[in-house]
Amino acid sequence: MPRDGVPSPVLDVHFREPTAAKQLATALGLQFRSLLQPERYLPVFFLVGATSSTGDSLGPFIGWFLKRKGFTGEYVGDLENPVHATNLRGRLSEAWAGALRREKLPYLIAVDAAVGRPGRITLNRGPLRPGAAMGKSLPRVGQMHIMGGTANFPFMIWFAGLDQTVGMAEVIADGLLAFWDDYESGRLFAHRRTAQTVFA
C-alpha cells in the first residue's frame, strides 16, 4: 500500500537475506518484460555515489564488483570513475551513448544509497532523485531505481560501516548480473513469448 502518496516498492529485502540477489534479478526481469517492446531496449546500470563517504560509495562499489565479475553489458559509475552531483548530467549522456552503440534504446536502472532503514534494498518504479535526502536538486534518472539503505540520518552517511556498504553492493551487483544474464541469453524474451502463447 502507498504511504503518504509514495508508491510501494516493487521489492523490499534485507541484503543479508540469502535469496536477496535472486529476488532482485527476478523483480527486475518482471518489470523489464512488462515493457511494450522490451527487445528494443538495453538495460544500462547507472550507479550514483561519491567515494568520499563510506555510505555514499554504494554505487561505485557496485560498479567495481560488476567489473571484477566480468560484466559484459553497459554501466556507468565505479570506484575509478564515480557518478556524483557535479558530473551527473554528462554521465547520463555516456549511458545513452552506450546503448545507442548497440543499436538499442537505454533502459536506465539507477542505483543510489538511501538514508533510512539501513541494510534494506528496494526496487522502485520510476526515476531516481539523486541527492534528494541531502537537499540537492539534480536531474531525475532512470525508468527504475534501486535504493540501498546505508544510514539512519543524512550526516551518518559519511560514517556508515563499510562492511554493510560493501556487502550490500555485492548483493545488488549479483542481482544485476543475474538479470543481465537472463537478458543476454534471451531467457527474458522466451518467458514473454511463452506467456503470450498461453494467454492468446
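Counting of residues starts from 1 at the beginning of each chain's written sequence and follows it residue by residue. The predicted nature of this model means local features are confined to residues of pLDDT at least 70 and side-chain atom pairs, given and counted, to a pLDDT of 80 or more, with totals for whole chains, interfaces and linings taken over all residues. Derived side-chain values reflect all non-hydrogen atoms in the structure, with water molecules and hydrogen atoms excluded from consideration.

Enquirer: Before we move on, can you summarise the overall build of the protein with the specific residues and values?
Expert: Each helix and strand in the protein was counted, giving 5 helices and 6 strands. Each helix is a run of DSSP H or I of at least 4 residues and each strand a run of E of at least 2, with the numbering of both proceeding from the N terminus. Element order for the protein, N to C, with α for helix and β for strand: β-α-β-α-β-α-β-β-β-α-α. When a residue's accessible area, from a 1.4 Å probe over protein chains only, is under 20% of the maximum for its type it is buried; when over 50% it is exposed; and in between it is partly exposed. A total of 200 residues make up the protein; the buried ones form 48% of that total. The contact rule is simple, with two residues in contact once any of their heavy atoms fall within 4.5 Å. Here the contacts in the protein between residues at least 6 apart in sequence split such that 70% fall between residues at least 24 apart. Surface accessibility of the protein: about 10200 Å² in total, with carbon and sulfur atoms responsible for 55%. Residue-level accessible areas treat just the shown protein chains as cover; the underlying method is Shrake-Rupley with a 1.4 Å probe.

Enquirer: How would you sum up the sheet that holds strand S5 (residues 120-125)? Please name residues and give values.
Expert: Taken in spatial order, the 6 strands of this open sheet run S1-S5-S6-S4-S2-S3, and their pairing is mixed. The open sheet has two free edges, formed respectively by strand S1 (11-14) and strand S3 (74-76), since each of these has just one partner strand. Ignoring which end each strand starts from, the neighbouring axes of this sheet average 20 degrees apart. Comment: axis = line fitted to C-alpha atoms, over the contacting stretch for helices; angle = value between 0 and 180 degrees taken between N-to-C directions. Contacting S1, strand S2 (41-47), strand S4 (105-115), S5 and strand S6 (144-151), helix H1 (residues 20-33) runs over the sheet at an angle of about 170 degrees to S1. The sheet strands contacting helix H4 (residues 162-185) are S2, S4, S5 and S6, and the helix crosses S2 at an angle near 170 degrees. Only strands that DSSP links by at least two bridges are regarded as paired with each other.

Enquirer: I'd love a proper account of the pattern of salt bridges, names of residues and values included.
Expert: Each reported salt bridge corresponds to a side-chain nitrogen of Lys or Arg within 4 Å of a carboxyl oxygen of Asp or Glu. Considering all chains together, one arrives at 10 salt bridges under this definition. A salt bridge links Glu94 to Arg91; the shortest N-O distance between them is 2.7 Å. Taken together, the residues Glu94 and Arg91, both in helix H3 (residues 88-101) and 3 residues apart, mark about one turn of the helix. For Arg91, a relative accessible area of 12% translates into the label buried. A salt bridge links Arg187 to Asp182; the shortest N-O distance between them is 2.9 Å. By relative accessible area, which is 23% here, Asp182 ends up partly exposed. Each of Asp12, Arg117 and Arg120 takes part in one network of salt bridges that share partners.

Enquirer: Please set out the pairing of S1 residue by residue, giving values where relevant.
Expert: The two faces of S1 differ: Leu11 and Val13 on one face are buried, but Asp12 and His14 on the other face are not. In the sheet, S1 pairs with S5 via 4 bridges, with the strands oriented antiparallel. Along S5, the bridge assignment pairs Asp12 with Thr122.

Enquirer: Before we move on, could you go through the packing of H1 against H4 and cite the residues and values that matter?
Expert: Orientation of H1 relative to H4, taken along the N-to-C sense of each, is 45 degrees, at an axis distance of 8 Å. In terms of orientation, H1 lies oblique with respect to H4. In this structure, the crossing between H1 and H4 has a hand that is right-handed. Counting all contacts with H1, which are made through Ala20, Ala21, Leu24, Ala25, Leu28, Gly29 and Phe32, the residues of H4 involved are Val171, Ile172, Asp174, Gly175, Leu176, Ala178, Phe179 and Tyr183. Between 65 and 115 degrees an angle is taken as roughly perpendicular, under 35 as roughly parallel, over 145 as roughly antiparallel, and anywhere else as oblique. Two helices cross in a left-handed way if the nearer one is turned anticlockwise from the farther one by less than a right angle. They cross in a right-handed way if the turn is clockwise.

Enquirer: Any chance you could break down unusual backbone geometry for me, citing the residues and the numbers?
Expert: Non-glycine residue Glu103 carries a positive phi angle of around 60 degrees. As for its placement among the helices and strands, Glu103 is situated in the loop between H3 and S4. In this structure, Arg117 takes a positive phi of about 55 degrees despite not being glycine. With respect to the helices and strands, the residue Arg117 is situated in the loop between S4 and S5. Exposure remark for Arg117: the relative accessible area of 43% places this residue in the partly exposed category.

Enquirer: Quick rundown of H3? Include the residues and the values.
Expert: An α-helix turns once per 3.6 residues; consequently, residues spaced three or four apart project the same way. The end-to-end C-alpha separation of H3 is 20 Å, in line with the 20 Å expected for 14 residues at 1.5 Å each. Buried positions along H3 lie against S2, S3 and S4. Positive backbone phi, approximately 60 degrees, marks Glu103, located one or two places after H3. Helix span, expected: 1.5 Å multiplied by one less than the number of residues in the helix.

Enquirer: Tell me about the confidence of the model for the protein, and please be specific about residues and values.
Expert: Scored by pLDDT, the protein comes out at a mean of 88, with 88% of its residues at no less than 70. Here residues 194-200 is modelled with pLDDT under 50, and outside its nearest four sequence neighbours on either side it reaches 0 contacts, counting other chains as well. What pLDDT reports is the predictor's confidence in each residue, on a scale of 0 through 100.

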